[in-house]
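So the chains spell out like this:
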Amino acid sequence: PCFEVPVFEGCDSDSGESASPTTCEAGNPDAVIPEDKSWNSYTYSCRQAGGTCYSADSESFCDTSAGYTWSPTGYCGVSALSVSCGCCMPPATSSPTPAPVPQRQPPNTVRTYYVDSVNGNNNNDGLTEGTAWATLKKAATGIQSQTEIVVMNGVYQNLNYGDGTIDNYAVFSIQDVDDIVLRAFPGHTPKLQFDGSGGISLKNVNRAEVTGFEVEGPNQLITREEAEADRLLHSRKFSGRGIVLWSGSHVLFANNIVHDTPNSGIRCNSADYVTVENNEVYHCTYWSSNAESAIVFAESLAVDELDITKMIIKNNIVHDNENRIPYYNSNYDDPAYLEENQMHVARENYGSSLQTFIIDGSGVYISRNSNSYLYGRYELSGNVAYRNGINGLVVHKTDRCLVKDNVLYDNGQVSREEPESRQNYAGLTLNNAKEVSVYNNSVYVTWSGDKAFQKDSASTYYDAAGVDVSAKGFVNYNCNGQVASEVGSDRVVTLDTATCMRTRAPTQSPTSSPTASPTVSTTSSPTTSPTRACIAETGTNCRVGGIETACCNTAHTCFEKTSNYGSCRESCPVNADWACYVPSTSSPTASPTAAPTASPTAAPTARQMMCEAQYSGLTLPDDTKPWSYYTYGCRNNAGGECVSSEQFCDVAGGATYLTSGYCGIAALGVSCGCCVPAPAESSTIEIAWQAGFSDAAARTVDAKSGDTLRFTWTSNHNVYTLQDEESLSSCSFTQATELDGGSTSGVTYTIPSGAGPYLYFACEVGSHCQNGQHLTVTVTDYSGGDDATSAPTSAPTSVVTSAPTLP
């Protein structure tokens, strides 16, 4: 029976009268135990605490030297028994350390070779920078496992490049080796050009990394007529891929720029433990009839049975990729083959020689993995995909995939009219995909009749216990498009078009790569900074990343909803805790800080907004004035920015922190300061004036006031300054001015204070400007107003423009 004695928390009917508890009792022969109570009653507290009651004089039962703890009172019902017993607690045991989760294994290299197309020689030993080889073919020939290849700036081409051959091979191709590193020399971006099977090809390679390259295919050298004539042939020139892994495991493709490839930019087949991150892929899949997409995982093969994430595509920028040639697979001309293999035909004549429509070619695409990849999971996260042919992202015949934090917009660039006749999908699509988690993705479609979110009935979701798919951080966002009924109304919030905040890329697509590779980061947004910003709930950190949090376009900035912005307040559609403030486009009126009449153009930076956001209850004197109005004195007069405290100002590095007047403190009643950066030292920037003919990256440069541009060349050229971007676009020299000594190589131009934000230069000789001999300079320290020179949006007809500012 159980007795309710105040000293105990409850009764325990366990048998427990073993040698240990009776030892305490036996050691006290005069103890009187109530007949109607069991010994367990008096040992309950000790046992519940994980100990055992022993006689107080029996130290041998409690080995304190081994970490046991002796508690002589309370736990063993001493007061009730009038006996001297103690509770012996065993040493605290820590939880066993979980076995480490297997990750992608990095390569283990024991030798390094260098390649330098400019100064190298294939007769060298390749062991040092000074004795580098000249070609990647030399580096690939006879390559051994455990080899690192470091590549310096230069152009690397496949054998017979440009000679008209249509079946050339890749620039760098290896197979049946392990532990390989192919990387750019620090600070370099070597360029691979191919007109054959591809740029970099790996087959049966394990533990490999390819990082820091620009890979350019022959798309700009191919005409539609040539590609159509090759549709049934699949010649290498029309089927090349940028970076491809045909089989292998533990492979990283990162920080690469891949463009103008007839087939996929980056592709991995029959692989496991692959990460593709922080790459930019654009202008791919134009001329092949293989129906490929820009970044592809297909027919993956697991190398173990672990149920963990192993196949990853994240933080890539994927844009302006589309199929322009109808798909062709010779097997599809054989009805018996289709029936025998139970091949699904999306439309009549699909894949056959009679196909005229185009329904393939997306941004990120994982396909045909369900039957081959039985163990492991996929992750597609943080990718930005825009202006691609069909969808931005597709999970097709692939199971166990996490799709999160992706931003997809303006996809569906293939025409819906005949003959292309694409389907009405232009966003995120799940097709025969099982156990897929789809969280926090934002999709904008150009045509409201397109599906922003598509899911067929064969696809299924997987949500971990406790996940509320309609909550912030999990729910997805649809701008302007349709949502298939199978998707589920609780999983997607459809935003009002008028308030659907999105950042649109320029209408002019780039036709060459930017000057630098993206940097590896698992948490940050793409390399090119967005022009919008958003403050976190704490008011101390900038929300980095996509539309899912920073839901404003270039003319808006997200602020705390509690701030008093009157009629300017709009609901931030992606995050209910924020309000969107629209900066005034008119000249500000008089205020206690009396800023100049011109409206400043720059949107507040994260640190400027932190200064405001930390005062959630502040009242602006005039609700129609933007925050930038009150920071004008700091930004335009002092050349700084308003920050919350001196900790954001590098005073030790020479910056100056001004605490009064410049940030409109009198008007706002807030404690902000103006941080003026240390004056930058001027430098001389060498301009290879003829490089722009073949390299679009040479047509743009960043510089600051006081820097000197030095133009050098051979043969007959000159340098003119052009009045504006329109003059550059048309190569008009009507109001252009030749530099002093501008016809002589070595002529210089020093950027005057206040110039910018853009300066334009071109060669006036013949059609040199139209063919690429021009330069746009971005003045990085410019702080002018609305009348500033606009950024270039287009270029001469035959000139290739640089990549756009990315969201």
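Residues numbered from 1 in each chain as written. Predicted model: local features only at pLDDT ≥ 70, side-chain atom pairs only at ≥ 80, totals over all residues. Heavy atoms only, no water.

Check the secondary structure of the chain and you find 11 helices and 48 strands. Each of the 807 residues in the chain was classed as buried or not, and the buried ones make up 52%. For the chain, long-range pairs separated by at least 24 residues make up 71% of all intrachain contacts whose partners lie at least 6 apart in sequence. Put simply, the chain shows about 34700 Å² of open surface, and 47% of that area lies on carbon and sulfur atoms. (Helix = DSSP H or I, 4+ residues; strand = E, 2+ residues; numbered from the N terminus. Buried < 20%, exposed > 50% of the residue type's maximum accessible area, 1.4 Å probe, protein only. Contact = heavy atoms within 4.5 Å. Areas by Shrake-Rupley, 256 points an atom, 1.4 Å probe, with all protein chains shown as cover.)

So, on to the state of the cysteines. Counted by the stated rule, this structure contains 1 disulfide. A disulfide bridge connects Cys731 with Cys769, and the sulfur atoms are separated by 2.0 Å. The sign of the -80 degrees torsion about the S-S bond sets the Cys731-Cys769 disulfide as left-handed. Of this pair, Cys731 sits in the loop between α11 (725-730) and β45 (737-738) while Cys769 sits in the loop between β47 (758-762) and β48 (774-779); the two residues are 38 residues apart in sequence, bridging distant segments of the chain. The two residues Cys731 and Cys769 agree in class, both being buried. (Disulfide = S-S within 2.5 Å.)

On to empty space enclosed by the protein, then. Within the structure shown, the criterion is met by 3 cavities of 30 Å³ or more. In this model, the largest cavity occupies a volume close to 60 Å³. Around the largest cavity, the lining residues are Leu428, Leu430, Val438, Phe453, Gln454, Lys455, Tyr461, Asn476, Val487, Arg491 and Val492. Elements represented by at least two residues in the lining of the largest cavity include exactly β28 (425-431) and β31 (451-455). (1 Å grid on protein atoms, 1.4 Å probe; cavity = no way out; pocket = protein on both sides within 12 Å on 5 of 7 lines; lining within 4 Å. Points joined across faces, edges and corners; volume = space filled by probe spheres on them.)

Looking at the chain, pLDDT values average 75 and 68% of them are 70 or higher. A low-confidence stretch, residues 1-23 stays under pLDDT 50, and its non-local contacts, those more than four residues away or across chains, total 37 contacts. Ignoring residues within four places in sequence, the model shows residues 613-619, a span with pLDDT below 50, making 15 contacts including any to other chains. (pLDDT = per-residue confidence, 0-100.)

Another point: the layout of surface pockets. By volume, the second largest pocket is sized at about 1400 Å³. Lining the second largest pocket are 47 residues, with Tyr350, Asp360, Tyr365, Ser367 and His396 sitting closest to its centre. Sorting the residues of the lining of the second largest pocket by element identifies β16 (266-269), β19 (295-298), β22 (364-367), β25 (393-396) and β28 as the ones contributing at least two each. Considering every element that reaches the lining of the second largest pocket, the biggest residue donor is β28, with 4 residues. Among the residues making up the lining of the second largest pocket, the classes are represented as 18 nonpolar, 20 polar and 9 charged. (Nonpolar A, V, L, I, M, F, W, Y, C, P; charged D, E, K, R; others polar.)

The subject of this paragraph is the sheet that holds β48. Paired through their backbone hydrogen bonds, the strands of a sheet run either parallel or antiparallel. Taken in spatial order, the 5 strands line up as β42-β48-β47-β44-β45 in an open sheet, and their pairing is mixed. Both edges of this open sheet fall to β42 (700-703) and β45, since each of them pairs with a single strand only. (Pairing = 2+ DSSP bridges.)

Here Ala688 is to be found in strand β41 (residues 684-688). Among the residues examined, Ala688 registers a relative accessible area of 49% and is labelled partly exposed. Separated by 24 residues in the primary sequence, Ala688 and Thr712 place their C-alpha atoms 5.5 Å from one another.

This part is about the side chain of Asn441. With respect to the element layout, Asn441 can be found in the loop between β29 (436-439) and β30 (442-445). We classify Asn441 as buried; its relative accessible area is 0%. At 3.1 Å, the side chain of Asn441 forms a polar contact with the backbone oxygen of Val403. If we skip the residues at most four places from it in the chain, Asn441 touches Val403, Lys404, Asp405, Asn406, Leu428, Phe453, Asn476 and Tyr477. (Polar contact = N/O pair within 3.5 Å; in protein donor to acceptor, adjacent residues only side chain to side chain.)

On to unusual backbone geometry. Pro419 follows Glu418 through a cis peptide bond whose omega is 5 degrees. As for its placement among the helices and strands, Pro419 is situated in the loop between β27 (407-411) and β28. The step from Gly756 to Pro757 runs through a cis peptide bond, and the omega angle for that step is 5 degrees. Tracing the backbone through its elements, the reader meets Pro757 in the loop between β46 (748-750) and β47. With a phi angle near 55 degrees, Tyr273 is a residue other than glycine that sits in the positive phi range.

Moving on to the sheet that holds strand β4 (residues 111-115). Taken in spatial order, the 10 strands of this open sheet run β4-β5-β8-β11-β14-β17-β20-β23-β26-β29, and their pairing is parallel. Only two strands of the sheet have a single neighbouring strand rather than two, namely β4 and β29. The sheet shows a mean angle of 10 degrees between the axes of neighbouring strands, taken without regard to direction. Sheet analysis places β4 next to strand β5 (residues 147-151), joined by 5 bridges and oriented parallel. The residue bridging Arg111 from the neighbouring strand is Thr147, located in β5. (Axes fitted to C-alpha atoms, helices over the stretch in contact; angles between N-to-C directions.)

A cluster of acidic residues, Asp333, Asp334, Glu339 and Glu340, forms a negative patch on the protein surface. Among the structural elements, Asp333 can be located in the loop between β21 (317-319) and α6 (335-340). (Patch = residues over 30% accessible without salt bridge, like charges linked within 9 Å, V, L, I, M, F, W, Y side chains within 5 Å. Salt bridge = Lys/Arg side-chain N within 4 Å of Asp/Glu carboxyl O. Lys, Arg positive; Asp, Glu negative; His and termini not counted. Charge placed at Lys NZ, Arg CZ, Asp CG, Glu CD.)

On to the environment of Ser682. You can see Ser682 is positioned in the loop between β40 (673-676) and β41. On a C-alpha basis, the gap between Ser682 and Thr750 in space is 9.6 Å, while along the polypeptide they are 68 residues apart.

To continue, consider the environment of Cys85. Residue position: Cys85 is located in strand β3 (residues 85-89). For the pair Cys85 and Thr43, spaced 42 residues apart in sequence, the C-alpha to C-alpha distance is 9.9 Å.

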